[in-house]
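One-letter residues, chain by chain:
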Amino acid sequence: MPDLVRYELRDRAAVITVDNPPVNALSPGVPDAIEAAVARAAQDTAARAVVLIGAGSTFIAGADIRYFETIATPEASLERSRAIHARLRNIEDCSKPLVAAIHGTALGGGLEFAMACHYRVAVSTAKVGQPEVLLGIIPGAGGTQRLPRIAGAELAIEMCTLGQHVPAARAAAAGIVDQIIEGDLLAGAIAFALEQGGIRKSRDQNVKIADSAAAIAACAQARHNLKRTARGAHAPYAAVDAIQAGIELGFDAGSDREIEIFAGCVLSTESRAMVKLFFAEREVAKIPDVPKDMPTLEIRSAAVVGAGTMGGGIAMNYANAGIPVLLKEVTQEALDRGLATIRRNYESSLAKGKITREQFDRTLALIQPTLTYDGFDQVDIVTEAVFENMDLKKSTFADLGRVTKPECILATNTSTLDVDEFARASGRPGKVIGTHYFSPANVMKLVEIVRGRESARQTIATGMKLAKKLNKVGVLVGNCFGFVANRMIAYYMREAYLLLEEGASVSHIDHALVEFGMPVGPFAMQDIAGIDVGARIRQYLRSIGKHRAEGPQSPVPDWLFHMGRYGQKTGSGWYRYEPGSRMPIPDPLIDELAEKAAAERGIERRAISEDEIIARIMTALANEGANILEEGYAARPGDIDVIYVYGFGFPRHRGGPMYYADTVGLPTVLDRVRRYRDQLGDHWNPAPLLEHLASSGRAFYGA
Ligand code: CAA
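Residues numbered from 1 in each chain as written. Predicted model: local features only at pLDDT ≥ 70, side-chain atom pairs only at ≥ 80, totals over all residues. Heavy atoms only, no water.

Trainee: Describe the pairing of strand 11 (residues 325–328), and please don't skip the residues or the numbers.
Mentor: Here strand 11 shows a buried face lined by Val325 and Leu327 and a second buried face lined by Leu326 and Lys328. Bridging between strand 10 (residues 302–305) and strand 11 involves 4 bridges; their strand directions are parallel. Of the residues in strand 11, the one forming a bridge with Ala302 is Val325. Between the parallel elements strand 10 and strand 11, the chain passes through helix 13 (residues 309–320) in a crossover that is right-handed. (Buried < 20%, exposed > 50% of the residue type's maximum accessible area, 1.4 Å probe, protein only. Helix = DSSP H or I, 4+ residues; strand = E, 2+ residues; numbered from the N terminus. Pairing = 2+ DSSP bridges. Right-handed = clockwise from strand over helix to strand, strands pointing away.)

So this is what it looks like as structure tokens:
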């Protein structure tokens, strides 16, 4: 096995190379080998300076995340952290100039090792960050102590609470990086190291936090902001606490606090959930029966049929990825309307400085409007985004089967209809898949890649690869009604409607879910999405004798639809809205409608607690998720969780609905389902998989 850490001499500098693919994580053996190599360099009379660099495509991307799951007790965490802190001090005490040479990413423990070096140089494309908060922990190797000393409290707080990557240029401006290296990184780093006359320990730098009152005020401000941005999460606050401790108590006592706070975080449910999610996010790309090296079709050009809200957003996705796209409509008026919306979206990005004028012109020029199928014989993929109507979509697929080249992939953006019907209509079902984008399609990261009965594996692999190219998170799902996201959300909404009839108010239910960590409650969400959208789907389903979810169907949403209360766009829906305002105002009319619906169904209304609201709604999600897993429409519980996090903003710190159910305990979840069945009716039917796992003491994860 090759050495994880290599030592060599180059031009009077000792070069220490971490070589632990794929991301040079600090797996067991790596930190001690770096420490030993630095000690060797200090003794090496042939070395005047030392460079720490990563092999392959990156510097050190952090601790080995899998290791965190093995920490079982606070004592084990304390012991590990103390050891790593001691190592970093030893490294920092090196008597020769020690330079971290950064390319790719220096993240988490990687940045902490770099900050224990005396200097840092980086290529211009490098990024640094303390993303631990995204794993429910805080930097545990001195990051909350050295970073404020190097970059100041404000940037340290920002980096440790948001976890975002900071590009090299910004890092250089803030003093995290001392020099940007053009050309060969190692040669530049060696030259830089040999130029340094002395050493500089980050832990002794105090200038940037000398104004401790200002730094502590920044901590207070951060805590205030987190109430809005990190609802329900603990780690961001913990990071601020550790930073403040270092400012108030000094480096040594601050480090002790960091070690203690880290131990509290690493064993938390929040951290366990976020670590699971980290790996689930990577796992979704792996399709059990599609090999990783399956050849895919190169997507060089695309077409979209339908320039409505979804079609326009999808065309923007292609253009944003530099892929030329034909955008087809039936009438000039509809085409003009669609293009005007696209232009407005790009103008807004331009005004906000998110894109340059040159990018604006270049990207917009990639979208070619058309009223015909001319040019469709050249494209590699067509995405159909016409009105959600079976006959219309089938005839579109019949057209597409005729006008496109045989290898062209035909994708549908349907959210409810049967992909296999379109596959048959196209005449080449192997090339047909679903690509279910979420609205607004140019913003939302999730796309469900829907596998039809005859979708070829190459088509699936191409769809998954395309999602990545479009900067989306693609999750493969089966072709069931509503696929995974909307099938489950139907149960979420069913319970919300029924809880309303049973006595909870709209704002009470929304508040409970927002407190739980959802970005918006179910009713406010519907007012944004449009009550008419759901009503039309229900109308269609009734016409074919189906329902979105099993069980009683509340009439209230349809009453609102018939009253013309479509949500924000009509100034009223589940809430009222003042002209020009998006602030939801509770409307007593909804309570009257709920009372009327309850009376019609013979329901005696009662007081309902927020705990009950969460339990009912989350149990409904988990139970239906279990059905989906058992039926094979999602490959893994993590796939469902990724869908919910990216599609609906399910709080990351709870891991997703399936992981959340694991944390509640499947026996408890099953007890609830049974209790609801007894109280509320047979539509609360326990999923066989839930029964099986709960009775055998297992969980969705690791089942
Ligand atoms: N530990 C273990 N495995 C890791 C890892 C880590 N820190 N970072 C990445 N990997 C694995 C991924 O699971 C993936 O494995 P598979 O191929 O088997 O799925 C592989 O490395 C490649 O990762 P990506 O697919 O994510 O590759 P990418 O090029 O898209 O992104 C990255 C690279 C930006 C480094 C991204 O992987 C990433 O953000 N990693 C996590 C970084 C992080 O959070 N670091 C902090 C760790 S906590 C810490 O360091 C605590 C401390 O204070 C000591």
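Right, picking up where we left off after that structure.
Trainee: I'd like a rundown of the site of the ligand, residues and numbers included.
Mentor: The immediate surroundings of the ligand are formed by 24 residues, with Ala63, Gly109, Glu112, Arg282 and Lys286 found nearest. Between the ligand and Arg282, the relevant distance is 2.7 Å, taken from an oxygen atom to a side-chain nitrogen or oxygen of the residue. Those elements that place two or more of their residues in the shell around the ligand are helix 2 (65–68), strand 5 (105–107), helix 4 (109–116) and helix 12 (269–283). Per-element accounting of the shell around the ligand gives the leading share, 3 residues, to helix 12. In the shell around the ligand, the residues fall into 13 nonpolar, 5 polar and 6 charged. (Near = heavy atom within 4 Å. Polar contact = N/O pair within 3.5 Å; in protein donor to acceptor, adjacent residues only side chain to side chain. Nonpolar A, V, L, I, M, F, W, Y, C, P; charged D, E, K, R; others polar.)

Trainee: Can you lay out the side chain of Ser349 for me, pointing to particular residues and giving the numbers?
Mentor: In this structure, Ser349 sits in helix 14 (residues 332–351). For Ser349, the residues in contact, after removing those within four places along its chain, are Lys354 and Ile355. (Contact = heavy atoms within 4.5 Å.)

Trainee: Account for the sheet that holds strand 17 (residues 473–478), naming residues and giving values.
Mentor: Spatially, 8 strands are ordered 12-11-10-13-14-15-16-17 in an open sheet, and the strand pairing comes out mixed. Lying at the two open borders of the sheet, with one neighbouring strand each, are strand 12 (367–370) and strand 17. On average, adjacent strands in this sheet sit at an angle of 25 degrees to one another, irrespective of strand direction. Bridge analysis of strand 15 (residues 432–437) against strand 16 (residues 446–451) gives 4 bridges, and the strand direction is antiparallel. Looking at strand 16, one finds that His436 is bridged to Glu448. Sitting on the sheet, helix 18 (residues 457–469) touches strand 13 (381–384), strand 14 (409–412), strand 15, strand 16 and strand 17, and the angle it makes with strand 16 is about 180 degrees. (Axes fitted to C-alpha atoms, helices over the stretch in contact; angles between N-to-C directions.)

Trainee: Before we move on, can you summarise the environment of Val330 with the specific residues and values?
Mentor: Inspection of the secondary structure assignment puts Val330 in the loop between strand 11 and helix 14. Judged by its relative accessible area of 68%, Val330 falls in the exposed class. Note: C-alpha distance between Val330 and Gly306 (24 residues apart in sequence) is 7.9 Å.

Trainee: Can you explain the sheet that holds strand 1 (residues 5–10)? Please cite residues and give values.
Mentor: In spatial order, the strands read 1-2-3-4-6-9; together these 6 strands make up an open sheet with mixed pairing. The two strands at the open ends of the sheet, each matched to only one other strand, are strand 1 and strand 9 (179–181). The sheet shows a mean angle of 25 degrees between the axes of neighbouring strands, direction not considered. Looking at chain direction, strand 1 and strand 2 (residues 13–18) are connected through 6 bridges and run antiparallel. Residue pairing for strand 2: Tyr7 is matched across the bridge by Ile16. Across the sheet, helix 1 (residues 30–43) lies against strand 1, strand 2, strand 3 (49–54) and strand 4 (98–102), angled at about 20 degrees from strand 1, the strand it touches most.

Trainee: Please give an account of unusual backbone geometry that cites residues and values.
Mentor: The omega torsion across Pro21 and Pro22 is 5 degrees, close enough to zero to call that bond cis. Position of Pro22 relative to the elements: it lies in the loop between strand 2 and helix 1. Geometrically, the link from Ser439 to Pro440 is a cis peptide bond, its omega value of -5 degrees lying close to zero. Despite not being glycine, Arg12 shows a phi value in the positive range, around 70 degrees. Structurally, the position occupied by Arg12 is in the loop between strand 1 and strand 2.

Trainee: Mind laying out the nonpolar core, listing which residues take part and the relevant values?
Mentor: The biggest cluster of nonpolar side chains holds 100 residues, and the ones touching the most others in it are Ile509, Trp574, Met618 and Phe700. Those residues in contact with Met618 that lie beyond four places of it in its chain are Tyr492, Leu513, Phe516, Phe650 and Tyr660. One finds Ala14, Leu147, Ala171 and Ala238 within the second-largest nonpolar core, a separate group that totals 93 residues. (Core = buried A, V, L, I, M, F, W, Y, C linked by side-chain atoms within 4.5 Å.)

Trainee: Explain the pattern of salt bridges to me, and be specific about the residues and the numbers.
Mentor: Tallied over the full model, the rule gives 43 salt bridges. Arg6 serves as the salt-bridge partner of Asp19, at 2.6 Å between the closest nitrogen and oxygen. In this pair, Asp19 sits in the loop between strand 2 and helix 1 while Arg6 sits in strand 1, placing the two residues 13 residues apart along the sequence. The class for Arg6 is partly exposed, based on a relative accessible area of 35%. With a closest N to O distance of 2.8 Å, Arg606 and Glu612 form a salt bridge. Among the charged side chains, a network of salt bridges with common partners joins Arg494, Glu495, Glu502, Arg606, Glu612 and Arg616. (Salt bridge = Lys/Arg side-chain N within 4 Å of Asp/Glu carboxyl O.)

Just geometry here; none of it tells us what the structure is for.
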